[in-house]
Amino acid sequence: GPRPAPAELTDGNSEHLKREHSLMKPYQGAGSAAMPLWDFQGSTMVTSQYVRLTPDERSREGSIWNRVPCFLKDWELHVHFRIHGAGKKNLHGDGLALWYTQERLVPGPVFGSKDNFHGLAIFLDTYPNDEATERVFPYISAMVNNGSLTYDHSKDGRWTELAGCTADLRNQNHDTFLAIRYSRGRLTVMTDVEDKNEWKNCIDIVGVQLPTGYFFGASAGTGDLSDNHDIISMKLFQLMVEHPLEDDTVDWTKIEPSVSLLKSPKDNVDDPTGNFRSGPLTGWKVFLLLLCALLGIIVCAVVGAVVFQKRQERNKRFY
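Okay, so let's go over this structure. Being a predicted model, the structure only gives us computed values, none of them experimental. (Residues numbered from 1 in each chain as written. Predicted model: local features only at pLDDT ≥ 70, side-chain atom pairs only at ≥ 80, totals over all residues. Heavy atoms only, no water.)

**Thoughts on the sheet that holds strand S8 (residues 139-146)**
The criterion, for reference: Pairing between two strands is assigned when DSSP locates at least 2 bridges connecting them. A run of DSSP states H or I qualifies as a helix once it reaches four residues; a run of E qualifies as a strand once it reaches two. Both are numbered from the N-terminal end. Simply put, an axis is a line fit to the C-alpha atoms, just over the touching stretch for a helix, and the angle between two N-to-C directions goes from 0 to 180 degrees.
Across the sheet, seven strands lie side by side as S1-S4-S14-S6-S7-S8-S9; this open sheet has antiparallel pairing. Two strands lie at the open edges of the sheet, namely strand S1 (38-42) and strand S9 (163-166), each paired on one side alone. For this sheet, the mean inter-axis angle between neighbouring strands, taken without regard to orientation, is 15°. Two strands pair when backbone bridges link them, and strand S4 (residues 61-66) and strand S14 (residues 215-221) are joined in this way by five bridges, in the antiparallel orientation. Counted as the bridge partner of Glu61 is Gly221 from S14.

**Side note on the environment of Phe215**
Definition in use: Residue contacts are counted whenever heavy atoms from the two residues lie within 4.5 Å of one another.
Within the secondary structure, Phe215 is located in strand S14. The spatial distance from the C-alpha of Phe215 to the C-alpha of Glu103 is 7.3 Å, given a sequence separation of 112 residues. Discounting chain neighbours no more than four positions away, the residues touching Phe215 are Trp65, Asn66, Arg67, Val68, Pro69, Trp99, Tyr100, Thr101, Gln102 and Arg104.

**Points about the pairing of S8**
The test is simple: Each residue gets one of three labels from its accessible area relative to the maximum for its type: buried under 20%, exposed over 50%, partly exposed in between, using a 1.4 Å probe on protein chains only.
Counted residue by residue, S8 has seven buried out of eight residues, so it is predominantly covered. Note that strand S7 (residues 118-125) and S8 share eight bridges and pair antiparallel. Residue pairing for S8: Leu120 is matched across the bridge by Val144.

**Section: the pattern of salt bridges**
Where we set the bar: By definition here, a salt bridge exists when the distance from a side-chain nitrogen of Lys or Arg to a carboxyl oxygen of Asp or Glu is within 4 Å.
Inspection of the entire model under this criterion finds 14 salt bridges. A salt bridge links Asp130 to Lys155, with the shortest nitrogen-to-oxygen separation between them at 3.8 Å. Note that Asp130 is positioned in the loop between S7 and S8 and Lys155 in the loop between S8 and S9, a separation of 25 residues in sequence. According to the relative accessible area criterion, Asp130 is buried, its value standing at 8%. When the shortest N-O distance is used, the salt bridge between Asp130 and Arg158 registers 2.7 Å. Here Asp130, found in the loop between S7 and S8, pairs with Arg158, found in the loop between S8 and S9; they are 28 residues apart in sequence, far enough to count as distant. You'll find Asp130 and Arg158 in the same group, each marked buried. Each of Asp39, Arg67 and Arg104 takes part in one network of salt bridges that share partners.

**A closer look at the sheet that holds strand S5 (residues 75-84)**
Within the open sheet, the seven strands sit side by side as S2-S3-S15-S5-S10-S11-S12. Their pairing is antiparallel. Every other strand in the sheet has two partners, leaving strand S2 (45-46) and strand S12 (200-205) as the edge strands with one partner each. As paired elements, strand S10 (residues 176-183) and strand S11 (residues 186-192) share seven bridges and run antiparallel to each other. Each residue of the ladder has a partner; that of Arg181, found in S11, is Thr188.

**A closer look at the nonpolar core**
Note the cut-off: What is meant by a nonpolar core is a set of buried Ala, Val, Leu, Ile, Met, Phe, Trp, Tyr and Cys residues, joined one to another through side-chain atoms within 4.5 Å.
Ranked by size, the top nonpolar core spans 48 residues in total, and within it Trp75, Leu98, Leu124, Ile140, Ile180 and Ile231 carry the most contacts. Per-element tally for this core: the top contributor is S5, with five residues. With sequence-adjacent residues up to four places away left out, Ile231 is seen in contact with Leu23, Tyr27, Tyr50, Val51, Leu53, Val79, His80, Phe81, Leu96, Leu98 and Ala218. By size, the runner-up hydrophobic cluster in this structure holds 11 residues, among which are Trp65, Trp99, Phe117 and Met143.

**A word on the side chain of Ser22**
To keep things clear, this is the line we draw: Two N or O atoms form a polar contact when they lie within 3.5 Å of each other; inside protein one atom must be a possible hydrogen donor and the other a possible acceptor, and for residues adjacent in sequence the pair counts only when both atoms belong to side chains.
Residue position: Ser22 is located in the segment before S1. Within the structure, the side chain of Ser22 is placed 2.8 Å from the backbone oxygen of Lys18, a separation counted as a polar contact. Excluding its chain neighbours within four sequence positions, the residues that come into contact with Ser22 are Leu17, Trp38, Met234, Lys235 and Leu236.

**Observations concerning the packing of aromatic side chains**
Remark: the centre distance and the inter-plane angle together describe each pair of aromatic rings, the angle taken between the planes. What counts here: Classification of ring pairs uses Phe, Tyr and Trp, with its six-membered ring standing for Trp, and accepts pairs whose centres are within 6.5 Å; under 30 degrees between planes counts as stacked, over 60 as edge-to-face, and the remaining range as tilted.
For the coordinates displayed, the defined rule picks out 11 aromatic pairs. Taking 4.9 Å as the distance between ring centres and 85° as the angle between the ring planes, the aromatic pair formed by Trp75 and Phe216 counts as edge-to-face. With Trp75 in strand S5 and Phe216 in strand S14, this pair connects stretches of sequence that are 141 residues apart. The two residues Trp75 and Phe216 agree in class, both being buried.

**Comments concerning the state of the cysteines**
Note the cut-off: When two cysteine sulfur atoms are found within 2.5 Å, that pair is recorded as a disulfide.
Overall, the coordinates contain one disulfide when judged by the stated rule. Disulfide pairing places Cys165 opposite Cys202 at an S-S distance of 2.0 Å. Negative torsions about the S-S bond denote left-handed disulfides, and the value of about -105° found for Cys165 with Cys202 makes this one left-handed. Separated by 37 residues along the polypeptide, Cys165 in strand S9 and Cys202 in strand S12 bring together distant segments of the chain.

Dropping the structure here:
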């Protein structure tokens with residue numbers, strides 16, 4: 001039935017449910033290699049109760065992708081999922097990703113899907129690869145990419161993260177849900193993982209530009225550590241939102257994925273206050289800093305020498 005939610009989120013009614021973009025039981029074609037509206041690959045297994053992207057086994061990856069491109073400007077995706085396994089604390093991984101991207105069915109190193117993607121990714125990361133991190137895992141984060149950015153697993157995607165939150169979503173005995181809402185440039189991610197039957201805010205970003213015509217999907221990967229990563233349902237709702245008249249002249253399929261941030265994505269580890277910070281120092285940045293420091297020292301030395309010489313000459317005139 002309908003789930004209680006803040007006004008910002010739909011109540012999950014079927015009035016605006018888009019079945020061509022939704023994955024629900026009973027999964028048509030379950031147990032076969034073909035589903036009418038969805039393709040899957042890798043270790044993905046479809047049963048009568050769930051779509052298992054990876055089993056609780058090492059070095060597995062799998063994904064499931066909608067075949068139909070989405071041309072909605074405003075939408076909301078409700079995902080019923082379950083991440084569980086035999087691994088104890090910090091002995092499980094790696095996590096699950098939800099996608100709205102140009103590419104589909106392309107395996108890769110980012111939770112079972114390709115890097116340098118075009119579009120939106122929401123990561124449900126269950127294992128801290130960065131030993132120096134102060135984050136509490138599992139950790140949910142958002143990333144928008146125009147194909148130029150690389151997801152850095154060693155830093156848990158910190159440098160390309162737009163926002164994120166901690167969520168105790170693994171090995172729960174109750175249902176766990178996540179909602180992704182995109183409307184008029186605002187991206188909102190909320191969770192319902194505490195068995196309270198209510199949505200809790202996780203991510204809220206404005207200035208996000210996503211084109212139409214991309215595909216929804218889900219993927220997961222395991223490495224030396226593993227988990228079962230299950231999708232139980234993915235329901236897409238159309239949001240009835242008014243747009244300015246000038247939006248009618250825009251070709252929404254040609255928009256480049258972007259975020260209008262004033263500064264670089266925030267670093268939750270080095271800056272727990274949540275302020276926006278610059279990215280890591282690359283080799284070129286270090287070189288330029290050292291060069292500027294050296295030039296500064298030379299300029300100070302020259303100025304000092306000139307001042308000293310002038311004083312010497314002035315002193316000579318007084319004797």
